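Fold and contact review
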Amino acid sequence: MNRQPVRGEPLHGRVDGPIAGPVDGRIDTWTGGQRPRAVRRRLRHADLTAVADVRKDLRQLLLHWGETGRSDIAELLISELVTNALVHTDRGAVVTVTVTDRLRVEVRDFVSRRPRPRRPTADGTSGRGLMLVRSLADAWGIRMHGVGKSVWFELGGTAA
């Protein structure tokens, strides 16, 4: 039974299902009695409070699938990518998390500038994001779009 999406709820649903929502909200899409396979969230520019919400959505999705082995790594990496998109671009971002036989996280922004890995700063507050993704993910990359780019990572086997 499909129900109408309610603004403010997390988006869970099939990867191939309709996924849409307001820039500042989340939408829920359920398909029958199936477990959620995806989370998608639109984020406002510079809204760093969204980082904790994205981690929570990821954690709930992984718990639903019984995938907890590397969830701490998944949470760290999603935090880094979301923070980078919100701090280093001048528009919002869209985060998509899918679970199949692998966990895939994709953070899309709307700025065509490629991210540049930076050296960590002396105070240790920046410069480690892509270094962590490169070091801890099983696979990662950058895909350019007509408008913007997606930075993604995967954790394989038992997803997370």
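One structure accompanies this document, and this report is about it. Keep in mind that this is a model prediction, so the values were computed, not measured. (Residues numbered from 1 in each chain as written. Predicted model: local features only at pLDDT ≥ 70, side-chain atom pairs only at ≥ 80, totals over all residues. Heavy atoms only, no water.)

On to the overall build of the chain. Looking only at helices and strands, the chain features three helices and six strands. Sequence-ordered secondary structure for the chain, helices as α and strands as β, is β-β-α-α-β-β-α-β-β. Residues classed as buried in the chain amount to 40% of the 160 residues present. In the chain, the proportion of contacts linking residues at least 24 apart, taken out of those at least 6 apart, comes to 56%. (Helix = DSSP H or I, 4+ residues; strand = E, 2+ residues; numbered from the N terminus. Buried < 20%, exposed > 50% of the residue type's maximum accessible area, 1.4 Å probe, protein only. Contact = heavy atoms within 4.5 Å.)

Turning our eyes to something else, we now look at the pairing of strand β6 (residues 149-155). Most of β6 sits out of view: seven of its seven residues are buried. Of the two faces of β6, both are covered, the one formed by Lys 149, Val 151, Phe 153 and Leu 155 as well as the one formed by Ser 150, Trp 152 and Glu 154. Where strand β4 (residues 103-109) lies against β6, seven bridges are found, and the strand directions are antiparallel. Its bridge partner lying in β6, Glu 106 is registered against Trp 152. Bridge analysis of strand β5 (residues 139-144) against β6 gives six bridges, and the strand direction is antiparallel. Its bridge partner being in β6, Gly 141 is matched across the sheet by Trp 152. Where β5 folds back onto β6 in an antiparallel hairpin, the turn is made up of four residues, including Gly 148, whose phi is positive at roughly 95 degrees. (Pairing = 2+ DSSP bridges.)

Ranked by internal contacts, the top residues of the largest apolar core, which has 28 residues, are Ile 78, Val 82, Val 95, Val 97, Leu 103, Val 107 and Phe 153. Only β2 (38-43), α1 (50-65), α2 (71-88), β3 (93-99), β4, α3 (129-136) and β6 provide two or more residues apiece to this core. The leading source of residues in this core is α2, at seven residues. (Core = buried A, V, L, I, M, F, W, Y, C linked by side-chain atoms within 4.5 Å.)

Attention now goes to the side chain of Glu 154. By the secondary structure assignment, Glu 154 is in strand β6. You can call Glu 154 buried: its relative accessible area is 16%. Ignoring any residue separated from it by four or fewer positions in sequence, one finds Glu 154 in contact with Arg 102, Leu 103, Arg 104, Ala 137, Asp 138 and Ala 139.

For the pair α1 and α2, interaxial distance at closest approach is 9 Å and the crossing angle is 145 degrees. Where α1 crosses over α2, the two elements pack in a sense that is right-handed. Together, Val 51, Val 54, Arg 55, Leu 58, Arg 59 and Leu 62 of α1 and Ser 71, Ala 74, Glu 75, Ile 78, Ser 79, Val 82 and Thr 83 of α2 make up the contact between the two elements. For the contact of α1 with α2, the residue count by class is seven nonpolar, three polar and three charged. (Axes fitted to C-alpha atoms, helices over the stretch in contact; angles between N-to-C directions. Left-handed = near helix turned anticlockwise from the far one by under 90°. Nonpolar A, V, L, I, M, F, W, Y, C, P; charged D, E, K, R; others polar.)

Moving on to α1. End to end, α1 covers 23 Å across 16 residues, agreeing with the expected 22 Å (1.5 Å per residue, within 8%). The set of residues buried in α1 consists of Ala 50, Val 51, Val 54, Asp 57, Leu 58, Leu 61 and Leu 62. Along the axis of α1, the buried positions cluster into a sector of 130 degrees, meaning they face one direction only. Taken together, the buried residues of α1 touch β2, α2, β3 and β4. Gly 66 occupies a position one or two residues after α1 and carries a positive phi of about 75 degrees. (Expected span 1.5 Å × (residues − 1). Arc of directions from axis to C-beta.)

Relative to the helices and strands, Leu 48 is located in the loop between β2 and α1. Along the primary structure Leu 48 and Val 82 are separated by 34 residues, whereas in three dimensions their C-alpha atoms are 8.5 Å apart. When sequence neighbours within four positions are dropped, the list of residues in contact with Leu 48 reads Leu 86 and Val 87.

Bear in mind that shape data such as this cannot, by itself, settle questions of function.
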